[in-house]
Amino acid sequence: MDVEMSEAEASDLGPIKILIDELRNDEAHTRLKSIRHLTTIATALGPERTREELVPYLNEMASEMEDEDEVLLALAEELGKLTTEHVGGKEFIHGLLIPLETLCAMEEALVRDKAVESLKKVAEFITNAEDCLVPLLRRLAEGDYNSTRIASAPLFASIYPKITESATKVQLRAMFSQLCRDDIPMVRKAACSALGAFARAVESSSLHDEIIPLFTKLAEDDQDSVRIVAVDNCVALGSLLTPEQTSLLIFPVMQQLQRDKSWRVRYMAADHFCELCDAVSKEVVEKEMAGSLVRLLKDTEPEVRTAAAFKVTGFCERVGTNVTLQQMVPCVRELALDSCQHVRAALAAVIMGLAPVVGKKETVEQLVPLFLALLKDEHHEARLNIICKLEAVNRVIGVESLSHSLLPAIIELAHDKQWRGGGGAQ
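Being a predicted model, the structure only gives us computed values, none of them experimental.

*Asks:* Give me the lowdown on the overall build of the protein chain, citing residues and values where you can.
*Replies:* Counting its regular elements, the protein chain contains 30 helices and zero strands. Looking at the protein chain residue by residue over its 426 residues, the buried ones come to 52%. Residue pairs in contact within the protein chain that sit at least 24 positions apart in sequence constitute 66% of those at least 6 positions apart. Accessible area for the protein chain stands at about 19,700 Å²; split by element, carbon and sulfur atoms hold 50% of it.

*Asks:* Let's hear about the side chain of T363: which residues, and what values?
*Replies:* For T363, the location among the structural elements is in helix α26 (residues 355-375). Polar side-chain contacts of T363 include one of 2.6 Å to the backbone oxygen of G359.

*Asks:* Could you give an account of the nonpolar core, with specific residues and numbers?
*Replies:* One finds L103, F315 and I351 to be the most contacted residues of the largest nonpolar core, which totals 140 residues. Broken down by element, this core gets its largest block of residues, nine residues, from α26. Apart from residues lying up to four places away in sequence, L103 is in contact with A62, L72, L75, A76, L79, V111, R112 and A115.

*Asks:* Tell me what's going on with the pattern of salt bridges, and back it up with residues and numbers.
*Replies:* Between side chains of opposite charge, a pair can form as their charged atoms come close. Summed over the entire model, instances satisfying the criterion amount to 21 salt bridges. Between K287 and E283 there is a salt bridge, and its shortest N-O distance comes to 3.1 Å. On the criterion of helical spacing, the pair formed by K287 and E283 is a turn pair, its members being four residues apart in helix α21 (residues 282-297). Summarising the burial analysis for this pair, K287 and E283 share the class exposed.

*Asks:* Can you break down the confidence of the model for the protein chain residue by residue, with the values?
*Replies:* Mean pLDDT for the protein chain: 87, with 88% of residues reaching 70 or above. In the model, residues 5-12 has pLDDT below 50 throughout and makes five contacts with residues more than four positions away in sequence or in other chains. Taken together, the stretch residues 419-426 has pLDDT below 50 and engages in 16 contacts with residues farther than four places along the chain or on a different chain.

*Asks:* Just give me the short version of the packing of helix α22 (residues 302-309) against helix α25 (residues 341-350), but keep the residues and values in it.
*Replies:* One way to put it is that α22 packs onto α25 with a least axis distance of 8 Å and a crossing angle of 5°. Our classification of the angle between α22 and α25 gives roughly parallel. Residues P302, R305, T306 and A309 of α22 touch α25, and the partners they reach there are H342, V343, A346, L347 and V350. Grouping the amino acids of the contact of α22 with α25 by side-chain chemistry returns six nonpolar, two polar and one charged.

*Asks:* Give me the lowdown on the environment of E301, citing residues and values where you can.
*Replies:* Topologically, E301 is positioned in the loop between α21 and α22. Sequence separation between E301 and R264 is 37 residues; the distance between their C-alpha atoms is 9.5 Å.

*Asks:* Describe the packing of aromatic side chains, listing the residues and the values that go with them.
*Replies:* Tallied over the entire structure, the rule returns five aromatic pairs. Aromatic side chains F156 and F176 sit 5.4 Å apart centroid to centroid with 75° between the ring planes, which places their arrangement in the edge-to-face category. Placement of the pair is F156 in helix α12 (residues 156-159) and F176 in helix α13 (residues 166-180), with a sequence separation of 20 residues. Overall, F156 belongs to the buried group, its relative accessible area being 0%.

*Asks:* Account for helix α5 (residues 47-64), with residues named and values stated.
*Replies:* Counted at 1.5 Å a residue, the expected span for α5 with its 18 residues is 26 Å, and the 25 Å between its end C-alpha atoms agrees. Most pronounced at L54, the bend in α5 amounts to some 30°, and the proline P56 follows within four residues. For α5, every residue scored as buried is listed here: T50, L54, V55, Y57, L58, N59, M61 and A62.

Thresholds applied
Residues numbered from 1 in each chain as written. Predicted model: local features only at pLDDT ≥ 70, side-chain atom pairs only at ≥ 80, totals over all residues. Heavy atoms only, no water. Helix = DSSP H or I, 4+ residues; strand = E, 2+ residues; numbered from the N terminus. Buried < 20%, exposed > 50% of the residue type's maximum accessible area, 1.4 Å probe, protein only. Contact = heavy atoms within 4.5 Å. Areas by Shrake-Rupley, 256 points an atom, 1.4 Å probe, with all protein chains shown as cover. Polar contact = N/O pair within 3.5 Å; in protein donor to acceptor, adjacent residues only side chain to side chain. Core = buried A, V, L, I, M, F, W, Y, C linked by side-chain atoms within 4.5 Å. Salt bridge = Lys/Arg side-chain N within 4 Å of Asp/Glu carboxyl O. pLDDT = per-residue confidence, 0-100. Axes fitted to C-alpha atoms, helices over the stretch in contact; angles between N-to-C directions. Parallel < 35°, antiparallel > 145°, perpendicular 65-115°, else oblique. Nonpolar A, V, L, I, M, F, W, Y, C, P; charged D, E, K, R; others polar. Phe/Tyr/Trp six-rings, centres within 6.5 Å; stacked < 30°, edge-to-face > 60°. Expected span 1.5 Å × (residues − 1). Bend = angle between axes of the 7 residues up to and from the residue.

Next up, the structure:
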């Protein structure tokens, strides 16, 4: 990119000329500094020169610097900050798609993701989606490189609503469906990650006839990295369906994921447990989800039990006293004695919240003994978590009962030099 200026221009725009020259510098840190001022350079050059010189040069940079990830990441971000004013209006904004498409092909995920993010911003200004965005999406989705197919997945939700031709919409749904069946697990994972957003963009008939079958298939994928993402889709799709439809179409998949052979998938199901509950009817939650949570709380993997323990109070708030006392409290008693300190600490962080759910009488009779057990836990984090949440219990049983039942144990801890030295009182 040649930059010719008159003497007067050179005097006024000297710093800009330096920035432009630095774009071509051999040192990566120098180019990076210049790219961070891309909007300033574009403003100084004006719309015409930005379109005809700067943007093509940036595309050339993106094509030639495959090893400079930090520079390419900055370039992907700064391209998203260029607006219609920088290129001379909406009719020219599509020019920015060229370098962004190049960046979408990069192997480095951070660069690719940032390029997709910027491409979405640029796409908001484009009115002729059929002419500009659909061909780009097709090139990415049907490309030979895994990176372009991965990059295409999150773009469907942004581009689909801009399409008016029903035939084109059919083609886009077919392309997305093909991504969900791709031979490469990372591509299927990207499609699964994008499925929820795309489901919100398509018509109701397509949601039921095409998207939900894709979701069901991905939830059965032979790669746990894909099934993990399917947990999020249970929540996303549940928000688009009636409780009855969710119970029929989504809930069986939820149960399947909660019992998955991979602990990572079960962990994700436990981590999203309350959100999954909100996706189905209260009747299903009380009849089916309580047993699911108990099963996760008794999982063989401590990571799963820890994630599930954090959800105990949130779940009990959704089901009320009877289910809490009959199904959850017995399981909580076992958790308070769990062999893993992280499980006990997670339980201690939320167990005090059960007091408002079960009321004063049951708190004193069933929960206070568990509070005391956790107050004397060998792991300081469990003890500290109990102390930090005393106010929740105080509001239910009153300060007199609290002082009588828990204060002696707290005073004993205050005199325990080993606990104070171990971080419990810090």
